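For reference, the chains in residue letters:
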Amino acid sequence: MNEQQAASSAPMPPVMAQGFTQLPEWMYDRGVLSPVAAPRLIRLNEALAAELGLDARWLAGPQGLAMLAGNSMPAGVEPVATAYAGHQFGYYNPALGDGRALLLGDVRDRAGHVREIQLKGAGRTVFSRRGDGRAALGPVLREYLLSESMAALGIPTTRALAAVSTGEKVQRETLLPGAILTRVASSHLRVGTFQYVAARRDPAALRQLLDFAIARHDPQVLHSPTPALTFLQNVVAAQASLVARWMLVGFIHGVMNTDNMAISGETIDYGPCAFMDEYDPATVFSFIDEHGRYAYTNQPTIALWNLTRLAEALLPLLSDDEDERPVLARQALAEFNTRFHTVYFDGMRAKLGLTAAQDGDEALFAALLETMHQTRADMTGTFRALSHPAMLAGEDTAALPLAFAPWLERWHQRLRQDDARPPEARAQAMRAVNPCYIPRNHLVEAMIRSAVEEGDFTPFETMLTVLATPYEEQPGCERYALPPGADERVRYTFCGT
């Protein structure tokens, strides 16, 4: 191999533009690195690295590990911590920001889309307030696993590029091993970002932020005669679709503050989140959500509440006519329920093997959910059981309790009114939308205990493998499809701060 060939095959450091610095300087702070003692790569998402056009060999090497740990940066990577505000459990906090995160910069992926790369748990920033800026190992593994699971389910989400242990302890209720997550997103712009800028009453800065967001997510909107309104409409539609898709798989975000809602329509900030086991619309997993504000059934309402805060922030840009601004905002927000119900009801039809809509479908769906609630049926397991050819044919319904019999009769009658697909074909279509595997909370917690208490990451790797193909039944993985036993249930999860 000659020198030219050797050079061309050598691992290459990433080149990242820092797009956020196009915005006013008071919207970010140049990050100061806080090196950690003994970084170790827990996992590198090589498939995602390839998708991003990054060199996995370099990322896994000494220089890459130094970057992923926040110890040192390659030339051209200039981290910043970004500012934002937010309503947290309904109360406005005007000054939040990246208290434990550094935005490294932008890369353009293989499809030509700009993606942002961020370190979570990289140390104190000017926005840390009294926090240490670090993350514990458990929350890092939870976000890595759940975000990659969501991606495999086909639900818009941030992604996990890497998890690194720091070789240091972080003080929470006890001393815990520290870790850093490398997160990838279309952008980290939040509803709270717009709230932060709007609070300064600087129309030029607000316009600059809007133009940046549009250029990043939907450049065609820049040519709209009403770009702010079109942008708001698009965010409303994206969030309505996202939350509907959460509901269809029983996902509970846990902390839907406005600073945790991305304008991209991606799921972001996996803190006290979990997937529901037995169906109960009032399910809450977040220990700090004492009043159920972010319960499963409340998620569409809260999403619309958050979007209303975005509309308020954008009011000055919606029209030159002050009287027209709130009218336009209300019209845009009114589309949320239409979009949500379209995605949700279409999704329910697909989950139940139905095609064209009919009057009475919503009542059929509601009756199923009520039966599931009354029988404390497992949500994922119920829909998967309905996806069996024998169940569709009415030949074997023993997989569900006897209490389902009246509803099953209604469903079979509705199926006969639908298309004429044979049960196997219909079952195949249903299995493509009804997952066999979700990240069961008791298994996630057991995985975290194994890693934190024993340094054993085998359960983490196994769960990642199983959840990578959630719609396909995998021999030997039956336990990952089962709900928790009575002594395995996990009532609460906790955020990573």
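Structure's up top.
Just so it is clear, the model here is predicted, and its values are computed rather than measured. (Residues numbered from 1 in each chain as written. Predicted model: local features only at pLDDT ≥ 70, side-chain atom pairs only at ≥ 80, totals over all residues. Heavy atoms only, no water.)

*Asks:* Which parts of the structure should I look at to understand the overall build of the chain?
*Replies:* Looking only at helices and strands, the chain has 17 helices and 12 strands in total. Here the chain has a C-alpha radius of gyration of 24 Å; the compact-globule value for 497 residues is 23 Å, and the two agree. In terms of its C-alpha atoms, the chain occupies a principal-axis envelope of roughly 65 × 60 × 50 Å. Out of the 497 residues in the chain, the part that is buried amounts to 55%. Taking contacts inside the chain between residues at least 6 apart in sequence as the whole, the part at least 24 apart equals 71%. Only carbon and sulfur atoms are counted for the fraction: they give 52% of the accessible area of the chain, which is about 21400 Å². (Helix = DSSP H or I, 4+ residues; strand = E, 2+ residues; numbered from the N terminus. Rg over C-alpha atoms; globule rule 2.2 N^0.38 Å. Buried < 20%, exposed > 50% of the residue type's maximum accessible area, 1.4 Å probe, protein only. Contact = heavy atoms within 4.5 Å. Areas by Shrake-Rupley, 256 points an atom, 1.4 Å probe, with all protein chains shown as cover.)

*Asks:* I would appreciate a short explanation of empty space enclosed by the protein in the present structure.
*Replies:* Taking a probe equal in size to a water molecule and rolling it over the atoms shows the remaining empty space. Enumeration over the complete set of coordinates arrives at two cavities of 30 Å³ or more. What lines the largest cavity is a set of 13 residues, and nearest its centre among them are Q239, W246, H253, N260 and M261. Looking at the lining of the largest cavity element by element, the count peaks at three residues for helix α8 (residues 227–249). Here the lining of the largest cavity is composed, by residue class, of six nonpolar, six polar and one charged. Along its surface, the second largest cavity is lined by L248, V249, G250, K351, M379, T380, F383, N434 and P435. Looking at the lining of the second largest cavity, the elements that each hand over two or more residues are α8 and α12 (379–386). Of the residues forming the lining of the second largest cavity, the biggest block, three residues, is contributed by α12. Residues belonging to the lining of the second largest cavity are distributed by class as follows: five nonpolar, three polar and one charged. (1 Å grid on protein atoms, 1.4 Å probe; cavity = no way out; pocket = protein on both sides within 12 Å on 5 of 7 lines; lining within 4 Å. Points joined across faces, edges and corners; volume = space filled by probe spheres on them. Nonpolar A, V, L, I, M, F, W, Y, C, P; charged D, E, K, R; others polar.)

*Asks:* I'm lost on the packing of aromatic side chains in this one. Help?
*Replies:* Where two aromatic rings form a pair, the distance of their centres and the angle of their planes describe that pair. If you walk through the whole model with that rule in mind, you get 16 aromatic pairs. Seen from their ring centres, W246 and F251 are 5.4 Å apart, and the 65° between their planes marks the pair as edge-to-face. Overall, the relative accessible area of 4% leaves W246 in the buried class. Taken together, a centroid distance of 5.1 Å and an interplanar angle of 90° make the contact between F287 and Y492 edge-to-face. Of the two residues, F287 is situated in the loop between β12 (274–275) and α9 (299–318) and Y492 in the segment after α17 (458–467); the sequence distance between them amounts to 205 residues. When its relative accessible area of 35% is taken as the criterion, Y492 is described as partly exposed. Positioned above the aromatic ring of Y84 is the side chain of R190, whose terminal nitrogen or guanidinium carbon lies 4.5 Å from the ring centre. The residue whose ring lies beneath K351 is F383, and the NZ or CZ to ring-centre distance is 4.4 Å. (Phe/Tyr/Trp six-rings, centres within 6.5 Å; stacked < 30°, edge-to-face > 60°. Lys NZ or Arg CZ within 6 Å of the ring centre and 35° of its normal.)

*Asks:* Could you clarify how one ought to interpret the pattern of salt bridges in this entry?
*Replies:* Two side chains of opposite charge can pair, provided their charged atoms sit close to one another. According to the stated counting rule, one finds 29 salt bridges in the structure shown. D418 is the partner of R426 in a salt bridge, and the nearest nitrogen-oxygen pair spans 3.3 Å. On the accessibility criterion, D418 (14% relative accessible area) is buried. We note a salt bridge from D419 to R426, for which the minimum N-O separation is 3.0 Å. D419 gets classed as partly exposed once you look at its relative accessible area, which sits at 27%. Taking the relative accessible area as the measure of exposure, R426 reaches 5% and is therefore buried. In this structure, a network of salt bridges that share partners links the residues D346, R349, D361, R414, D418, D419, R421 and R426. (Salt bridge = Lys/Arg side-chain N within 4 Å of Asp/Glu carboxyl O.)

*Asks:* In this structure, what is going on with a negative patch on the surface? I would like to understand it.
*Replies:* Judged by side-chain charge, D320, D321, E322, D323 and E324 come together as a negatively charged surface patch. On the secondary structure map, D323 appears in the loop between α9 and α10 (324–351). (Patch = residues over 30% accessible without salt bridge, like charges linked within 9 Å, V, L, I, M, F, W, Y side chains within 5 Å. Lys, Arg positive; Asp, Glu negative; His and termini not counted. Charge placed at Lys NZ, Arg CZ, Asp CG, Glu CD.)

*Asks:* Help me understand unusual backbone geometry, please; the structure alone is not making it clear to me.
*Replies:* With glycine set apart, most residues show a phi of negative sign, and most peptide bonds adopt trans. One non-glycine residue, F89, lies in the positive phi region at around 55°. Relative to the assigned elements, F89 resides in the loop between β4 (86–88) and β5 (91–93). F89 gets classed as partly exposed once you look at its relative accessible area, which sits at 23%. Even without a glycine there, the phi angle at R201 is positive, about 55°. By the secondary structure assignment, R201 is in the loop between α6 (191–198) and α7 (203–217).

*Asks:* So what exactly am I meant to see when it comes to the side chain of H442 here?
*Replies:* Among the structural elements, H442 can be located in helix α16 (residues 441–454). H442 gets classed as buried once you look at its relative accessible area, which sits at 9%. Setting aside residues no more than four positions away along its own chain, H442 makes contact with L482, P483, P484, E488 and V490.

*Asks:* Just to check I follow, could you spell out the packing of α6 against α9 for this structure?
*Replies:* Helix-helix packing is characterised by the crossing angle of the two axes and by the distance between the axes. Direction vectors running N to C along α6 and α9 enclose 35°, while the axes themselves pass 9 Å from each other. Where α6 crosses over α9, the two elements pack in a sense that is left-handed. Residues V191, F194, Q195 and A198 of α6 form the contact with α9, whose own contacting residues are N306, R309, L310, A313 and L314. Classifying every residue of the contact of α6 with α9 gives six nonpolar, two polar and one charged. (Axes fitted to C-alpha atoms, helices over the stretch in contact; angles between N-to-C directions. Left-handed = near helix turned anticlockwise from the far one by under 90°.)

*Asks:* Is there a simple way to explain the nonpolar core in this structure?
*Replies:* If you look at soluble globular proteins, the nonpolar side chains tend to sit buried side by side. With 150 residues, the main nonpolar core has F194, L386 and W411 as its most contacted residues. Per-element tally for this core: the top contributor is α8, with 14 residues. Among residues more than four places away in sequence, those in contact with L386 are L352, L368, M391, L392, L400, W407, L408, W411 and M430. (Core = buried A, V, L, I, M, F, W, Y, C linked by side-chain atoms within 4.5 Å.)

*Asks:* Would you take a moment to explain the side chain of H87 for this structure?
*Replies:* Structurally, H87 can be placed in strand β4. Judged by its relative accessible area of 14%, H87 falls in the buried class. At 2.9 Å, the side chain of H87 and the side chain of Q195 are in polar contact. Setting aside its immediate chain neighbours within four residues, H87 contacts Y92, Q195, N257, T258, D259, W305 and R309. (Polar contact = N/O pair within 3.5 Å; in protein donor to acceptor, adjacent residues only side chain to side chain.)

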